[in-house]
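Here is how the chains run, residue by residue.
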Amino acid sequence: MLFEACGAQYHIKGELLDETDVDDVVVALVNLARMGQVEDYQSSKKKEFQNFKDNLVSFWDYLVVECQNGPLFDQVLFDKCMDYVIALSCTPPRVYRRVASLVGLQLVTSFITVAKALAAQRETTQRQLNAEKQKRTEGPRVDSLKKRLSMTHEKITGIEEMMRKIFTGLFVHRYRDIDPNIRISCIQSLGVWITSYPSLFLQDLYLKYLGWTLNDKSAGVRKASVLALQNLYELDDNVPSLGLFTERFSKRMIDLADDVDVSVAVCAIGLVKLLLRHQLLSDDDLGPLYDLLVEDPPEIRRAIGALVYDHLIAQKHNSGQSNTKGESNDSSEVHLGRMLQILREFSTDQIISNYVIDDVWEYMKAMKDWKCIISMLLDENPLIELTDVDATNLIRLLNASVKKAVGERIVLATDNRKHYYNKAQKEILENDRRDITVAMMKNYPPLLRKFMADKAKVTLLVEIILHMKLELYSLKRQEQYFKDVVQLIKDAFFKHGEKDALRACVKAICYCCIESRGELQDFAQNKLKELADELIAKLKTAMKEVDEDEYSLLVNLKRLYELQLSIYVPIESIFQDIVTTLGSFRTANYEVVGFLLLNMYLHVAWCLQSIINSDSVSEASLSSMLSKRTTLLEQLEYFLHTPPGVQEDGNQGNQLASKVCIILAEVWFLFRKTNFSSTKLERLGYCPDMSVLQKFWELCKKQLNISDETEDEDVNREYVEETNRDAVMIAAAKLVACDAVPKEYLGAEIIACFVMHGTSVEEIVKHLIAVLRKKDYDVSSIFLESLKKAYIRHVELSNGDDESLVNKSFQECKELAARLSGIFMGAARNKHRADILKIVKNGVQYSFLDAPKQLSFLEGAVLHFAAKLPATDVIEILKDVQKRTVNVNTDEDPSGWRPYHTFVDTLSDKYAKNEGFQEEGTSVRRRGRPAKQRNNIRGKKLFDGHSSSEEEDSLSASDEDGEKQVEEDNAPLIHSLKSSKLRSFRVSRQQSEGTTNDLAASRTSGASN
């Protein structure tokens, strides 16, 4: 039966079983495997073998249980079975090792079941013997119990010897088998043995194998070892025996928390939690683990969050610590206080704080104790004193916890997929939203009043209203609290001038105008109108007093900009004042100029939307719209002709230049002709002149060329993400993608920057190319123009003295050609053959316009595309190129003509050696599945790469040699024709070169007459 389970048809006659040598049988079985006469049932896909593994294990388990009262201890049947199992587990065929290991490991597990039953029987017998001895010292009853006790002890000793035999004969070799599945089975079984039979296996002699396999190259083996150790450390009785093992391997257990495999890391973190529960690790050992709180995989972060909560916040394992103030260890105040101690370490970085809060949130119920958090912020508990840093962190915690409670993310997700909730989850989120609103309703105004002066705190507090059920104010008759909140948000808007605070206030008021009900909605809308009117009045005053108070103008322009991002603001009355102020500030404060332009643009955009959405448009409104657009374009084009002085005002000049580029692109995009053609609003269509477009791109290129160091200096500036090089590139690419400007010029210029400005710009260009190809534009012309522009940039640099810049520019040209030609891969080669051929032919023509000055364009650009063509087209290209050198003495300027020879020789060699043969010999190429070989049918190979040692691997060498011979015999006919085809191609090439006035081509010296 064992042999059949291994897939071998081999039988031993019963009467010859005792005389048969185990080694002889194993050798015969190995020979059967070598001849391919073995079937692997365990890996079979057949339906009848789906439960093979479970059935095999169950069979041996039942066999041991049924034989425990007789054959198990007769030292015949199971001794012979163990001999065969151990011998088969050491053979080269993997199928034998798998089955034998499975059987052997199960035998030990079943032996443990029997041993535990015998141990229980021994204890019962010993207890009865002790009781009987108290009655009488001698007698038949006492003798019977002694005899039974002795027999039971002998059986336990015998079965433990059987366990040791399999362990030393099978496990010790197979736990490091080449097959990871066998190693996993060994470690899983060892974990079960130690847990279920600690009297024998809970000692360092066996534990060390779990420690060693923590370093296994297979993640599955490492995980199996960690899980086995978890089961050991969960039992308190095992801990004293694990002291030396823990001391030896605890560092490795901690290191596994940062394992490359996420599942292993999560399990290892759970193991570390158990070590902390038993106080086997010090706090100093946990330092590296806390860094994993901001790891990318959320599973690791959640596991570390659970560890942080258990060890540092709930302190479940530190029962010896006393509470100095008599507070319960589980109270929300205590937990929040400990959380604030952790957040103090990250008080300067809100992003990291959010990561910590996100990791711990699902375990820490105190984060949803809204009343407790609010009470601590309002200093209602005299025993709790918050510092300014603690108050900021607690407000951050409140803000983040509110977002988590209503289902929002507080840290960036790696997949960006929208999370969908079922009905029950939605009900939970709605209940949380209701609880938050009820808790905040009366306490919101005092919180805002207390922290009104602090921009960081008030911003976080204002954002909370976006997650509340505002209709509850009306349902619970708490209208006055709502009115107080709206008024306080309006006050905060005029109290602060920073981007985050302003944006939060605008969003909050707009949310109140939409989500509130009845009278409260009217109140919020009136407050918003009052805010806009007051802002316009302040701005008008600031523009009049700009010479005295420049800051007032800047901060009110910021407020107007943030307000216009969300709603329409009627600034017609001050539009001309803005234009006048802009004329006087063009060379003064670049930041003020930037916000003046932004507000003008937003006003024009809102006016355009109003016209588009109107059923009827008056002539006056159209004329007014066109007048405002013309004024805005004039102001923007001024900065195209007179770019901001970067050196005069530092990085503010760069930001203004970026704003000019972005605003100009947005205006062109909004008024693109394709948007209004064949409509009543056709007059609104606009396309810039080529001269303006060229100036625009020159300014864009200056922004793209700003060094990374200069951009890094702006990281902490407001609005920097809206004015960096990526924003400029996106704005320019959008013009091309939407046909707002001639794509032949701007598209080529943008694509020419493909490999010049880092990965972010590279991704933008890649998306633009995808859009152009999707719209079936003539990308071949655009690609060729972009290559020309990159090459012209190289030629211009060649006139300088910096050799490194010249080499770099030519390398960029070649890399651009490689990236663009790489688009035509696989099936796209044939589909876009005409486009590729067009690029190559026009590129060759461009290269020879001023030969040999521009011939390097052949090597730098054309060659990459020519390599994508089939051999017939390449031969045509080679002939065309060679005709252009008729009657030309290329020896007069060898260096100038070197790119020409490189181009010709590279293509000739490439297609002579490879693709040229396939074109001429396509008839011998067979598509589809290869023909089946009718002769030399061989069985399934069992040895290739499956052995567990060098000796086992050597058994398959002869099989591999035979396979190589078969491959050589069955080699395609076309390979035998290779040398003759190569010679014929060389001859034809020499004949074609001979027609050009007998010019002899040379790779090194060029051509000569």
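Residues numbered from 1 in each chain as written. Predicted model: local features only at pLDDT ≥ 70, side-chain atom pairs only at ≥ 80, totals over all residues. Heavy atoms only, no water.

**Considerations on the overall build of the protein**
Each helix and strand in the protein was counted, giving 48 helices and 0 strands. Across the protein, the fraction of contacts at a sequence separation of at least 24, relative to all contacts at a separation of at least 6, is 74%. Carbon and sulfur atoms form 49% of the exposed surface of the protein, whose accessible area is close to 50,100 Å². (Helix = DSSP H or I, 4+ residues; strand = E, 2+ residues; numbered from the N terminus. Contact = heavy atoms within 4.5 Å. Areas by Shrake-Rupley, 256 points an atom, 1.4 Å probe, with all protein chains shown as cover.)

**Focus on unusual backbone geometry**
The phi torsion at Asp 379 lies on the positive side, around 60 degrees, for a residue other than glycine. Looking at the secondary structure, you find Asp 379 in the loop between helix H17 (370–377) and helix H18 (388–405). In this structure, Ser 678 is a non-glycine residue whose phi angle is positive, near 60 degrees. Tracing the backbone through its elements, the reader meets Ser 678 in the loop between helix H32 (673–676) and helix H33 (690–704).

**Remarks on the packing of aromatic side chains**
Each aromatic ring pair is described using two quantities: the centre-to-centre distance and the angle formed by the ring planes. Enumeration over the complete set of coordinates arrives at 27 aromatic pairs. Summarising the aromatic geometry, the rings of Phe 171 and Trp 193 are spaced 6.0 Å apart at their centres and angled 55 degrees between planes, so their arrangement reads as tilted. Residue Phe 171 is located in helix H6 (residues 140–174), and its partner Trp 193 is located in helix H7 (residues 180–196); the two are separated by 22 residues in the primary sequence. Trp 193 shares its class with Phe 171; the two are buried. (Phe/Tyr/Trp six-rings, centres within 6.5 Å; stacked < 30°, edge-to-face > 60°. Buried < 20%, exposed > 50% of the residue type's maximum accessible area, 1.4 Å probe, protein only.)

**What about the nonpolar core?**
Within the largest apolar cluster, 310 residues are counted, with the highest numbers of intra-cluster contacts made by Phe 111, Phe 201 and Phe 696. Per element, the largest residue contribution to this core is 15 residues, and it comes from helix H5 (residues 94–135). (Core = buried A, V, L, I, M, F, W, Y, C linked by side-chain atoms within 4.5 Å.)

**Quick look at helix H41 (residues 833–847)**
With 15 residues, H41 extends 21 Å from end C-alpha to end C-alpha; this agrees with the ideal 21 Å at 1.5 Å per step. Every buried residue of H41 is accounted for by Ile 836, Leu 837, Ile 839, Val 840, Gly 843, Val 844, Tyr 846 and Ser 847. Packing partners of the buried residues in H41 comprise helix H38 (779–798), helix H40 (828–831), helix H42 (856–866) and helix H43 (871–883). (Expected span 1.5 Å × (residues − 1).)

**Focus: the pattern of salt bridges**
Per the stated rule, a full pass over the model turns up 49 salt bridges. Two residues, Arg 98 and Asp 179, come together in a salt bridge whose shortest N-O distance is 2.9 Å. On the criterion of sequence distance, the pair formed by Arg 98 in helix H5 and Asp 179 in the loop between H6 and H7 is long-range, its members being 81 residues apart. When its relative accessible area of 18% is taken as the criterion, Arg 98 is described as buried. (Salt bridge = Lys/Arg side-chain N within 4 Å of Asp/Glu carboxyl O.)

**As for the environment of Asp 893**
Mapped onto the fold, Asp 893 is located in the loop between H43 and helix H44 (894–920). Separated by 41 residues in sequence, Asp 893 and Pro 852 place their C-alpha atoms 8.1 Å apart.

**Quick word on a negative patch on the surface**
A cluster of acidic side chains, namely Glu 545, Asp 547, Glu 548, Asp 549 and Glu 550, defines a negative patch on the protein surface. By the secondary structure assignment, Glu 545 is in the loop between helix H25 (518–544) and helix H26 (550–564). (Patch = residues over 30% accessible without salt bridge, like charges linked within 9 Å, V, L, I, M, F, W, Y side chains within 5 Å. Lys, Arg positive; Asp, Glu negative; His and termini not counted. Charge placed at Lys NZ, Arg CZ, Asp CG, Glu CD.)

**Quick look at the confidence of the model for the protein**
A residue-level look at the protein finds 86% of positions with pLDDT of 70 or above and a mean pLDDT of 82. For residues 319–327, every residue scores under 50 in pLDDT, and the model assigns this stretch 6 contacts once sequence neighbours within four places are set aside. In the model, residues 915–1009 has pLDDT below 50 throughout and makes 111 contacts with residues more than four positions away in sequence or in other chains. (pLDDT = per-residue confidence, 0-100.)

**Looking at the environment of Val 904**
Along the chain, Val 904 falls in helix H44. Classification of Val 904 as buried rests on a relative accessible area of 4%. When the C-alpha positions of Val 904 and Gln 882 are compared, they lie 8.3 Å apart, and in sequence the two are 22 residues distant.

**Points about the packing of H25 against H26**
Two elements in contact, H25 and H26, have axes separated by 9 Å at closest approach and are oriented at 150 degrees. Every pair of crossing elements has a handedness; the one defined by H25 and H26 is left-handed. Contacts between H25 and H26 involve Leu 528, Leu 531, Ala 532, Leu 535, Lys 538, Leu 539, Ala 542 and Met 543 from the first element and Ser 552, Leu 553, Asn 556, Leu 557, Arg 559, Leu 560 and Leu 563 from the second. Classifying every residue of the contact of H25 with H26 gives 11 nonpolar, 2 polar and 2 charged. (Axes fitted to C-alpha atoms, helices over the stretch in contact; angles between N-to-C directions. Left-handed = near helix turned anticlockwise from the far one by under 90°. Nonpolar A, V, L, I, M, F, W, Y, C, P; charged D, E, K, R; others polar.)

**Here we look at the packing of H6 against H7**
It is at 9 Å that the axes of H6 and H7 come closest, and there the two elements cross at 125 degrees. What the angle tells us is that H6 and H7 run oblique. Contacts from Phe 167, Phe 171 and Arg 174 of H6 reach H7 at Ile 182, Arg 183, Cys 186, Ile 187, Leu 190 and Trp 193. The class makeup of the residues in the contact of H6 with H7 is 7 nonpolar, no polar and 2 charged. (Parallel < 35°, antiparallel > 145°, perpendicular 65-115°, else oblique.)

**Some thoughts on the side chain of Lys 628**
Tracing the sequence through the fold places Lys 628 in helix H29 (residues 619–641). Lacking a salt bridge, the buried Lys 628 has Glu 572 as its closest oppositely charged neighbour, with an N-O distance of 4.1 Å. Filtering out sequence-adjacent residues up to four positions away, Lys 628 remains in contact with Glu 572, Phe 575, His 603, Val 604 and Cys 607.

**A few points about the state of the cysteines**
A full pass over the atoms with the stated rule returns 0 disulfides. In this model Cys 81 remains outside any disulfide bridge; the closest cysteine sulfur is found in Cys 67, 8.9 Å from its own. Taking the relative accessible area as the measure of exposure, Cys 81 reaches 17% and is therefore buried. (Disulfide = S-S within 2.5 Å.)

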